[in-house]
Amino acid sequence: MVDTYALYRRLSTLPRGRTLFSLVFEQAAPYFRTARPRFVELGPNRAELKIRKRRRVQNHLGTVHVIAICNGLEAAMGALAEATIPAHRRWIPRGMEVDYAAKATTDITCVATTDPADWTRTGDVEVPVHVVATRADGTAVVEGTIRLWVTDKPTR
């Protein structure tokens, strides 16, 4: 299995390395290709990516469709989880609650963050990942929480 965070650290030092990482990340979960997220930053407890406003992700109003934004938020959450989770644990999304706050009229920045203490709890736990998508002017267009179910990996 690929260590997502190690791959990001290695590729991000190269010219256009973050773009290359983004393309590799899309291969792991092909549905993310629809939004074409491009990673800006990735580390424990924080991931940031951008979604360009282009025809493929626009709705009938000419704004970035909220489902494309949610796709970007989920990609940021997944990368954050991979960069943060202890090696003996595993995660799966349990739910997503988002509020649509404003029209997405520009390129969108998607950020996912967590509290480091949430990853140190033992047993089967739910870890909330705060997600926010903002326009170029800094206005939040979508904000919410993705809940992760975190458990120990089974022993073999």
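Up top is the structure these notes are about.
Everything numeric in this text was worked out from a predicted model, so none of it was measured. (Residues numbered from 1 in each chain as written. Predicted model: local features only at pLDDT ≥ 70, side-chain atom pairs only at ≥ 80, totals over all residues. Heavy atoms only, no water.)

**Student:** Mind laying out unusual backbone geometry, listing which residues take part and the relevant values?
**Tutor:** For arginine 36, which is not a glycine, the phi torsion comes out positive at approximately 50°. With respect to the helices, strands and loops of the structure, arginine 36 is situated in the loop between α2 (17-28) and β1 (38-43). Although it is not a glycine, asparagine 45 sits at a positive phi angle of roughly 70°. Positionally, asparagine 45 belongs in the loop between β1 and β2 (46-51). (Helix = DSSP H or I, 4+ residues; strand = E, 2+ residues; numbered from the N terminus.)

**Student:** Quick one: what's the story with the sheet that holds strand β3 (residues 89-100), residue by residue and with numbers?
**Tutor:** In spatial order, the strands read β1-β2-β4-β5-β6-β3; together these six strands make up an open sheet with antiparallel pairing. For this open sheet the edge positions go to β1 and β3, each flanked by a neighbour on one side alone. Pairs of neighbouring strands in the sheet enclose a mean axial angle of 15°, with direction left out of account. Judged from the five bridges that link them, strand β4 (residues 108-113) and strand β5 (residues 125-134) form a sheet pairing that is antiparallel. In the sheet register, threonine 109 faces β5, and the bridge partner there is threonine 134. (Pairing = 2+ DSSP bridges. Axes fitted to C-alpha atoms, helices over the stretch in contact; angles between N-to-C directions.)

**Student:** An account of the pattern of salt bridges is requested, with residue identities and associated values reported.
**Tutor:** Inspection of every chain in the model, using the stated rule, returns nine salt bridges. Its salt-bridge partner being arginine 89, residue aspartate 152 comes within 2.9 Å of it at the nearest N-O pair. Residue aspartate 152 is found in strand β6 (residues 140-152), and its partner arginine 89 is found in strand β3; the two are separated by 63 residues along the sequence. Between glutamate 126 and arginine 94 there is a salt bridge, with its nearest N and O atoms 3.2 Å apart. (Salt bridge = Lys/Arg side-chain N within 4 Å of Asp/Glu carboxyl O.)

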